[in-house]
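Chain and residue survey
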Amino acid sequence: MDKKLIQCIAFKCLVFICLFPYAGLHAISMVYNFRIAQVTRQPIFEKSSDRRNTLIGLLFEQYRKKYNGPRQNNVGGLASYIYDFHPYYIRTDCAVSHIHEKIDHTTSFAGTETDDILFTFGRSFNGNDYTTFTVSGLFGIPTHKIYRLIHTDFGYSQVGTGLQFDGLYEFNPISAFIYGARYIYFFPRKAYDNLGQRYTFTLGNVGDLLVAAKSKWPKHGVEFGYTARFRFGAHICPHLDDIVQKANYIRSNFYFVYQYKFLIHQTSNRLMFNIAYGFDHKSKIFGNKYIITFWASWNLNF
């Protein structure tokens, strides 16, 4: 074998060994973002039987820093459609993002990817004049292969199915308490590393909890809350390094949203502006030291 070819292969293997500890499982998904789904699904004005369609356009930017050094920036957009035929509703979410990751001030990956497509179907129940709760089923479809064994990824890239429960309690016409819980299971799927080795991988399970308070006025509104995410039960076969430890985490996130509502030719409009701060309790090696998210959306109800 040619000596230069041997040296080239050796160099590539060395680079792979050096970068591999940073590579695994850096992935986010906006369509599975619990707080975005809950905030944007709230009715713009009082519910009306003749306004069943809601369109949502959302732009986001997210900064992340890992405990072990890598920094990530995701910029993109999310689009949603909700059809409300009370007491039922159907929702579809999709998203796209440009990803930029740096390790030691050097770009390790830059690219644009689509998120999964998430379908939600639910039914609302009215407990009394002050309480409303909703039970929903979720089904997510991947739009591309699993790339996270090679580089940071956008979208979970696995079929996901789950159950969601959320509710609202109104203290008075202005203030309300919001709560919710969700469980999602991701089915195993084939994944490849950058050497072409095939694995069977799953993120396992995701559990979300949400508590928030909101206040609303004729045109303005604010909401602030807390979400906790628990990702557990990840599995890869054959066993690979500490991939499972990188996939499982416990995360806290605090957010604040300002809303402005108005009418254009009898069409309900709402602008929303969000800022959120989060961090991972586990793992302190591969997790996120901080996550800062900004997003703005425009909702139309007709």
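Preceding this paragraph is the structure being described.
Presented here is an overview of the structure given in this document. (Residues numbered from 1 in each chain as written. Predicted model: local features only at pLDDT ≥ 70, side-chain atom pairs only at ≥ 80, totals over all residues. Heavy atoms only, no water.)

**Here's the deal with unusual backbone geometry**
Cut-off, in case you're wondering: Numbering of helices and strands runs from the N terminus; a helix is a DSSP stretch of H or I covering at least four residues, while a strand is a stretch of E covering at least two. Residue exposure (1.4 Å probe, protein chains only): buried if accessible area is under 20% of the type maximum, exposed if over 50%, otherwise partly exposed.
Put simply, C237 and P238 share a cis peptide bond, and its omega is 0 degrees. Here P238 shows up in the loop between β15 (235–237) and α3 (243–247). For the bond running from K282 to S283, omega is 5 degrees, close enough to zero to count as cis. The phi angle at S157 is positive, at roughly 65 degrees, despite the residue not being glycine. Secondary-structure assignment places S157 in the loop between β8 (153–154) and β9 (160–170). Its relative accessible area of 0% is what places S157 among the buried residues. Of note, the phi angle at H265 is positive, near 50 degrees, even though the residue is not glycine. For H265, a relative accessible area of 76% corresponds to the exposed category.

**Observations concerning the sheet that holds strand β11 (residues 189–192)**
Threshold: The pairing criterion for strands is at least two bridges between them, as found by DSSP. Axis definition: a line fitted to C-alpha atoms, over the contacting stretch in the case of helices. Angles run 0 to 180 degrees between N-to-C directions.
Taken in spatial order, the three strands line up as β11-β12-β15 in an open sheet, and their pairing is antiparallel. Each edge of the sheet is formed by a strand with only one pairing partner; in this case those strands are β11 and β15. Across the sheet, the mean angle from the axis of one strand to that of its neighbour is 35 degrees, orientation sign disregarded. Sheet topology note: the strand β12 (residues 198–202)/β15 ladder contains three bridges and is antiparallel. Within β15, the position partnered with T200 by the bridge is C237.

**Details of the packing of aromatic side chains**
Heads up, the condition is: The aromatic pairing rule takes the rings of Phe, Tyr and Trp, using the six-membered ring of Trp, and pairs them if the centres are within 6.5 Å, calling planes under 30 degrees apart stacked, those over 60 edge-to-face and the rest tilted. Criterion for a charge above a ring: Arg CZ or Lys NZ at most 6 Å from the ring centre, at most 35 degrees from the ring normal.
The final tally for this structure, using the stated rule, is 17 aromatic pairs. Between the aromatic rings of F133 and F165, the centroid separation amounts to 5.9 Å while the plane-to-plane angle is 40 degrees, which identifies the pairing as tilted. With a gap of 32 residues between them, F133 in strand β7 (residues 131–141) and F165 in strand β9 connect regions that are remote in the sequence. In textbook terms, an aromatic cluster arises when at least three aromatic residues are bridged by ring pairs, as seen for F125, F133, F165, F177 and Y179. Just above the ring of Y89 sits the side chain of R41; from NZ or CZ to the centre is 4.5 Å. Sitting above the plane of the Y249 ring, R251 keeps its charged end 4.0 Å from the centroid.

**Concerning empty space enclosed by the protein**
To be explicit about the condition: The rule is simple: put a 1 Å grid over the protein atoms alone, call a set of points where a 1.4 Å probe fits but cannot get out a cavity, call an open set with protein on both sides within 12 Å along at least five of seven lines a pocket, and count a residue as lining if it has an atom within 4 Å of a point. Grid points are joined across faces, edges and corners, and a volume is the space filled by probe spheres set on the points. When residues are sorted by character, Ala, Val, Leu, Ile, Met, Phe, Trp, Tyr, Cys and Pro go into the nonpolar class, Asp, Glu, Lys and Arg into the charged class, and all the rest, Gly among them, into the polar class.
Scanning the model with the defined rule gives three cavities of 30 Å³ or more in all. Estimates place the volume of the largest cavity at around 270 Å³. Taken together, 21 residues make up the lining of the largest cavity; nearest its centre are N33, R35, R64, R229 and R251. Taken together, the elements giving at least two residues each to the lining of the largest cavity come down to β1 (27–28), α2 (34–41), β2 (53–66), β14 (220–232), β16 (249–264) and β18 (288–301). When the residues that make up the lining of the largest cavity are grouped by side-chain class, the tally is nine nonpolar, six polar and six charged.

**With respect to the pattern of salt bridges**
The test is simple: The working definition used for a salt bridge is a side-chain nitrogen of Lys or Arg within 4 Å of a carboxyl oxygen of Asp or Glu.
Enumeration over the complete set of coordinates arrives at six salt bridges. Between E170 and K216 there is a salt bridge; the shortest N-O distance is 3.9 Å. Taken together, the residues E170 in strand β9 and K216 in strand β13 (residues 205–216) connect sequence positions 46 residues apart. Taking relative accessible area as the criterion, K216 reaches 26% and is therefore assigned partly exposed. D208 is paired through a salt bridge with R229; the nearest N and O atoms lie 2.7 Å apart. Highlighted residues: D208 in strand β13 and R229 in strand β14, separated in sequence by 21 residues. Judged by its relative accessible area of 11%, R229 is buried. Here the salt bridges share partners, and the residues they tie into one network are R182, D208 and R229.

Everything listed is a geometric property; what it means functionally is a separate question.
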